[in-house]
Amino acid sequence: QLQAAQHSRLPNKWAILLGIVGPGLVLGIQANRIAMLSLQLGDRLASSDCRTFPLKYDLERERQAAATFRNSCPAMAYAVQDCPGYSEEASQHPSCNFLWFLETKYECSGWCDVQNPLWQAGDASGDSCSRAVAIAMTSRIRHNANQIMVYCLFVVSLSVIVLVMLGPSLRT
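Residues numbered from 1 in each chain as written. Predicted model: local features only at pLDDT ≥ 70, side-chain atom pairs only at ≥ 80, totals over all residues. Heavy atoms only, no water.

(A) Structural detail: the nonpolar core. The biggest cluster of nonpolar side chains holds 25 residues, and the ones touching the most others in it are Tyr86, Leu102, Trp111 and Trp119. Listing elements by their share of this core, those giving two or more residues are helix H3 (54-71), helix H4 (86-92), helix H5 (95-106) and helix H6 (129-171). The element that contributes the greatest number of residues to this core is H6, accounting for five residues. Among all residues touching Tyr86, those that are not within four sequence positions of it are Phe69, Val80, Gln81, Cys96, Trp100 and Trp119. (Core = buried A, V, L, I, M, F, W, Y, C linked by side-chain atoms within 4.5 Å. Buried < 20%, exposed > 50% of the residue type's maximum accessible area, 1.4 Å probe, protein only. Helix = DSSP H or I, 4+ residues; strand = E, 2+ residues; numbered from the N terminus. Contact = heavy atoms within 4.5 Å.)

Set out below in structure tokens:
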């Protein structure tokens, strides 16, 4: 009976293998999915056609609503957020904050096409904001996901090598 109690206290090699290799595989698979999704979304956002991708078209309509609001604003306003009633207008169009962020962070203007900026002073320059997001998706996000996949591959490979080398000592 003492032997049976000692035998049940030994670590299960399958539980160890699953506990070490499993999380690395799951994280690697998820990183691969993110890389593929960022590539797909980047391609769709970079497309010149705005109507075939509903999310892109919805953001264009939101930007058009902000442009219409800006055109009804007094000429003294520096940018659309300086117009009286902007906070109420922005609450009806929640994507305005995202578009504002894009214009200031990526120095883009317009969504589907390059247009004059709404949230900053000046003339149109650079890319449309959908193009700027496409570049971020296909370069930065995909790059980070690929780094995670390589890291996971390294960790899983190293774990398997260590488990194979320690196999005989784990069996005793």
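From this point, the discussion proceeds with the structure in view.
(B) Molecular detail of the packing of aromatic side chains. Tallied over the entire structure, the rule returns four aromatic pairs. A centroid spacing of 6.5 Å and a plane angle of 65 degrees characterise the contact between Phe98 and Trp111, whose relative ring orientation is edge-to-face. Separated by 13 residues along the polypeptide, Phe98 in helix H5 and Trp111 in the loop between H5 and H6 bring together distant segments of the chain. Ring centres of Phe101 and Tyr106 lie 6.5 Å apart, and the angle between their planes is 90 degrees; on these two criteria the pair is classed as edge-to-face. When its relative accessible area of 44% is taken as the criterion, Phe101 is described as partly exposed. Of the residues examined, Tyr106 reaches a relative accessible area of 27% and is grouped as partly exposed. Aromatic ring contacts, followed pair by pair, group Phe69, Tyr86 and Trp100 into a single cluster. In this arrangement the basic side chain of Lys105 is found over the ring face of Tyr106, its NZ or CZ atom lying 5.9 Å from the centre. (Phe/Tyr/Trp six-rings, centres within 6.5 Å; stacked < 30°, edge-to-face > 60°. Lys NZ or Arg CZ within 6 Å of the ring centre and 35° of its normal.)

(C) Structural context of the state of the cysteines. Under the defined criterion, the tally for this structure stands at three disulfides. A sulfur-sulfur separation of 2.0 Å characterises the disulfide bridge that pairs Cys73 with Cys83. Between Cys73 and Cys83, the disulfide has an S-S torsion of -115 degrees and is therefore left-handed. Linking Cys73 in the loop between H3 and H4 with Cys83 in the loop between H3 and H4, this pair joins segments that are ten residues apart in sequence. The burial state of Cys73 is the same as that of Cys83; both residues are buried. Disulfide connectivity for the protein chain, with bonded cysteines indexed by sequence position, reads 1-5, 2-3, 4-6. (Disulfide = S-S within 2.5 Å.)

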